[in-house]
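Letter by letter, the chains look like this.
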Amino acid sequence: MLIDKRFIYIKKRTPLQWITVFIVVMPLFLQALLQLFRFPSVIKYTIDVAWITAALSMIFVRRIRLNRKLVPFAVFITLFACYCLMVYLFRYQSILYFLWGFRNNFRYYFAFLAFVIFLDRDDIDAIFKLVDVLFVVNFFVSLYQFFVLNLKQDYCGGIFGAETGSNATTLLFFAIVSAKTLLCYMNGNEKVITCGVKCAAMLLVAALAELKFFFVTFVIILILASLLTRFSMKKLALVIISVVFISMAGSLYQMLFETELSISSLIEHFSYDHYATAEDVGRFSAIPKILESIHRDWFSRLFGLGLGNCDTASFAIFNTPFFQSHRHMNYLWFSSASWFLETGFVGLLSYLAFYVICYIKSKKLIKHTSGDLLYAQMAVIMSVLCILLTFYNSSLRTDIGFLPFFILALPFVANKENVCQKKGATYMPTNVVDI
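Residues numbered from 1 in each chain as written. Predicted model: local features only at pLDDT ≥ 70, side-chain atom pairs only at ≥ 80, totals over all residues. Heavy atoms only, no water.

Engineer: So, the overall build of the protein: which residues are in play, and what are the values?
Structural biologist: The number of helices and strands found in the protein is 16 helices and zero strands. Over its C-alpha trace the protein gives a radius of gyration of 22 Å, about what one expects of a compact globule, namely 22 Å for 435 residues. By principal-axis analysis of the C-alpha atoms, the protein measures approximately 70 × 60 × 45 Å. Evaluated residue by residue, the protein yields a buried proportion of 55% over its 435 residues. Here the contacts in the protein between residues at least 6 apart in sequence split such that 73% fall between residues at least 24 apart. For the protein, the exposed surface amounts to about 20400 Å²; the carbon and sulfur share of it is 67%. (Helix = DSSP H or I, 4+ residues; strand = E, 2+ residues; numbered from the N terminus. Rg over C-alpha atoms; globule rule 2.2 N^0.38 Å. Buried < 20%, exposed > 50% of the residue type's maximum accessible area, 1.4 Å probe, protein only. Contact = heavy atoms within 4.5 Å. Areas by Shrake-Rupley, 256 points an atom, 1.4 Å probe, with all protein chains shown as cover.)

Right, dumping it as structure tokens:
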């Protein structure tokens, strides 16, 4: 009996492609492996092995060449790393602190370059198919946690765990799914029923898990998606339907938690001077309080206390004296506070500049209709969200932080292949970037 090979085809990937795909996929399964299947915590460091391997390959394999459209990113990463190193020479405490801080903050940049260099469209499609499957699984797991296990708030994290902080992962996951489905529908590539069901499911889970900020995130994504796509009556209808869904989910939220969910209440919530205790910092009060109590001289305000010198870890050798004496401030709960403490205003603004560069480059790809329109639009939205999340929480410094950088890399992966096709290439080398 003859079998059509198209139905049993499994893509052959190079080891570096598998490693790079692993960097994206592993954070999606990590909490399930740790909490449900009781894997040892050391498993999370397999992601470090992956991105370090990819980074070393990019640095030492001479066949890799960066074309001009990736040069701004490579130059930025190099200059930013040199800046952090130069500041640390004046703030030296321990080389271990610096290396741990470098790992915690720069791993995403190396992953970003690896995504562009080693992945192709087939890899991206496979990852998004997996995301679609996990989205359905997460929805039913979340319902089971809430209605059967009676888990609420942070503990209703679906496949991302049942511990404090699980919602941070859910927020990023939903942001990616909602951006993709809204853009697909507005670009005419997805049915309204599919898009509507996904949005309703996300808003329902957000209400059950008391994920307030997703309501804000969803509105921002909806507005940006509308601005990035052409006007149509279908899009207007979706906006109206989305407003209805938001209203219904908001009413459910208020009924479950007896808390008002309005613009004024959200502004009040996000502008608290303190987050959990009377001694810690809030989202928008963190930098002013650090200026008042810690960064009192101009050198500290501009350049900070040194990358890694305010960090902590489960290993005692990485627990810095600053963290031990100031842990009550809970500054590690916000990426903006961490960056400002360690690298000052220069470092914080430099960190935000990466997202600005991604925004500008992706917008140019949309304008010149080069690359994949959907991926460029998703990158624009993610650039904006990353800037907001920098001040909202610390999710961009966790393992799930690799996902936003994967989204930011998408337009450059797609554009890389389009150019190769225009040049008559019959295949795309996985170790060459030519965009």
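Engineer: Outline helix H11 (residues 286-293), listing residues and values.
Structural biologist: Buried within H11 are the following residues: Ala286, Ile287, Ile290 and Leu291. For H11, the arc enclosing every buried residue in end-on projection is 130 degrees, short of the 170-degree limit, so these residues lie on one face. Its buried side turned inward, H11 meets helix H12 (298-303), helix H14 (335-367) and helix H15 (373-392). (Arc of directions from axis to C-beta.)

Engineer: Which residues make up the environment of Val141, and what values go with them?
Structural biologist: Along the chain, the position of Val141 falls in helix H5 (residues 121-147). A residue is classified by how much of its surface remains accessible, and Val141, at 28% relative accessible area, is partly exposed. Not counting residues within four places of it along the chain, the set of residues in contact with Val141 comprises Gly158 and Ile159.

Engineer: Quick rundown of the environment of Lys235? Include the residues and the values.
Structural biologist: On the secondary structure map, Lys235 appears in helix H9 (residues 233-257). Beyond its immediate sequence surroundings of up to four residues, Lys235 is in contact with Tyr185, Met186, Ser226, Thr229 and Arg230.

Engineer: Which residues make up unusual backbone geometry, and what values go with them?
Structural biologist: The backbone phi angle of Arg38 is positive, close to 60 degrees, even though this residue is not glycine. Within the secondary structure, Arg38 sits in the loop between helix H1 (15-36) and helix H2 (46-60). Residue Arg38 is classed as exposed on the basis of its relative accessible area, which comes to 67%. Its identity is not glycine, yet Asn330 carries a phi of approximately 55 degrees, on the positive side.

Engineer: Lay out the packing of aromatic side chains with the relevant residues and their values.
Structural biologist: Tallying each qualifying case throughout the model produces 55 aromatic pairs. Consider the rings of Phe354 and Tyr355, whose centres lie 5.9 Å apart with planes at 80 degrees: the pair is edge-to-face. Between Phe354 and Phe405, the ring centres sit 5.6 Å apart and the planes meet at 25 degrees, which makes this aromatic pair stacked. Of the two residues, Phe354 sits in helix H14 while Phe405 sits in helix H16 (residues 402-422), which places them 51 residues apart along the sequence. (Phe/Tyr/Trp six-rings, centres within 6.5 Å; stacked < 30°, edge-to-face > 60°.)

Engineer: Describe the packing of H5 against helix H7 (residues 192-208), with residues and values.
Structural biologist: Their axes nearest at 10 Å, the elements H5 and H7 cross at an angle of 35 degrees. Seen from above, H5 lies across H7 with left-handed handedness. The segment H5 lies against H7, with Asp132, Phe135, Phe139, Ser142, Leu143, Phe146 and Phe147 engaging Lys198, Ala201, Met202, Leu204, Val205 and Leu208. (Axes fitted to C-alpha atoms, helices over the stretch in contact; angles between N-to-C directions. Left-handed = near helix turned anticlockwise from the far one by under 90°.)

Engineer: An account of the state of the cysteines is requested, with residue identities and associated values reported.
Structural biologist: Under the defined criterion, the tally for this structure stands at zero disulfides. Of the cysteine sulfurs around Cys84, a residue in no disulfide, the closest is that of Cys82, at 9.4 Å. In this model Cys199 remains outside any disulfide bridge; the closest cysteine sulfur is found in Cys195, 4.1 Å from its own. Among the residues examined, Cys199 registers a relative accessible area of 1% and is labelled buried. (Disulfide = S-S within 2.5 Å.)

Engineer: Please set out the nonpolar core residue by residue, giving values where relevant.
Structural biologist: Membership of the largest hydrophobic core comes to 144 residues, with the highest contact counts inside it found for Phe112, Phe354 and Phe406. Top element by residues in this core is helix H4 (residues 95-118). It accounts for 14 residues. Excluding anything up to four places from it in sequence, Phe112 contacts Leu70, Phe73, Phe354, Cys358, Phe405, Leu408, Ala409 and Phe412. (Core = buried A, V, L, I, M, F, W, Y, C linked by side-chain atoms within 4.5 Å.)

Engineer: If you had to explain the side chain of Gln145 to someone new, which residues and values would you point to?
Structural biologist: Structurally, Gln145 is set in helix H5. Only 3.3 Å separates the side chain of Gln145 from the backbone nitrogen of Gly157, close enough to count as a polar contact. (Polar contact = N/O pair within 3.5 Å; in protein donor to acceptor, adjacent residues only side chain to side chain.)

Engineer: For the environment of Asp123, give the residues involved together with the corresponding values.
Structural biologist: Tracing the sequence through the fold places Asp123 in helix H5. For the pair Asp123 and Gln145, spaced 22 residues apart in sequence, the C-alpha to C-alpha distance is 32 Å.

Engineer: Can you tell me about the pattern of salt bridges, naming the residues and giving the values?
Structural biologist: One pass over the full model with this rule turns up eight salt bridges. A salt bridge links Arg103 to Asp48, with the shortest nitrogen-to-oxygen separation between them at 2.8 Å. Residue Arg103 is located in helix H4, and its partner Asp48 is located in helix H2; the two are separated by 55 residues in the primary sequence. Residue Arg103 shares its accessibility class with Asp48, and that shared class is buried. Note that Arg121 and Asp372 form a salt bridge whose closest N and O atoms lie 3.4 Å from each other. (Salt bridge = Lys/Arg side-chain N within 4 Å of Asp/Glu carboxyl O.)

Engineer: Give a description of the side chain of Thr170 that names residues and reports values.
Structural biologist: Secondary-structure assignment places Thr170 in helix H6 (residues 166-186). If sequence neighbours within four positions are ignored, Thr170 has contacts with Gly157, Phe160 and Leu211.

Engineer: I'd like a description of the packing of H14 against H15, backed by residues and values.
Structural biologist: Viewed as axis vectors pointing N to C, H14 and H15 meet at an angle of 160 degrees, and their least axial separation amounts to 9 Å. When the axes of H14 and H15 are compared, the pair comes out roughly antiparallel. Judged by the sense of rotation from one axis to the other, the crossing of H14 with H15 is left-handed. The residues of H15 that touch H14, namely those facing Ser335, Ser336, Tyr351, Leu352, Tyr355, Val356, Cys358, Tyr359, Ser362, Lys363, Leu365 and Ile366, are Leu373, Ala376, Gln377, Ala379, Val380, Ser383, Val384, Cys386, Ile387, Thr390 and Phe391. Residues that form the contact of H14 with H15 fall into these classes: 16 nonpolar, six polar and one charged. (Parallel < 35°, antiparallel > 145°, perpendicular 65-115°, else oblique. Nonpolar A, V, L, I, M, F, W, Y, C, P; charged D, E, K, R; others polar.)

Engineer: Give me the lowdown on a nonpolar patch on the surface, citing residues and values where you can.
Structural biologist: A cluster of nonpolar side chains, Tyr92, Ile95, Leu96, Leu99, Phe315 and Ile317, forms an exposed patch at the surface whose accessible area comes to about 580 Å². In this structure, Ile317 sits in the loop between H12 and helix H13 (321-326). (Patch = residues over 30% accessible without salt bridge, like charges linked within 9 Å, V, L, I, M, F, W, Y side chains within 5 Å.)

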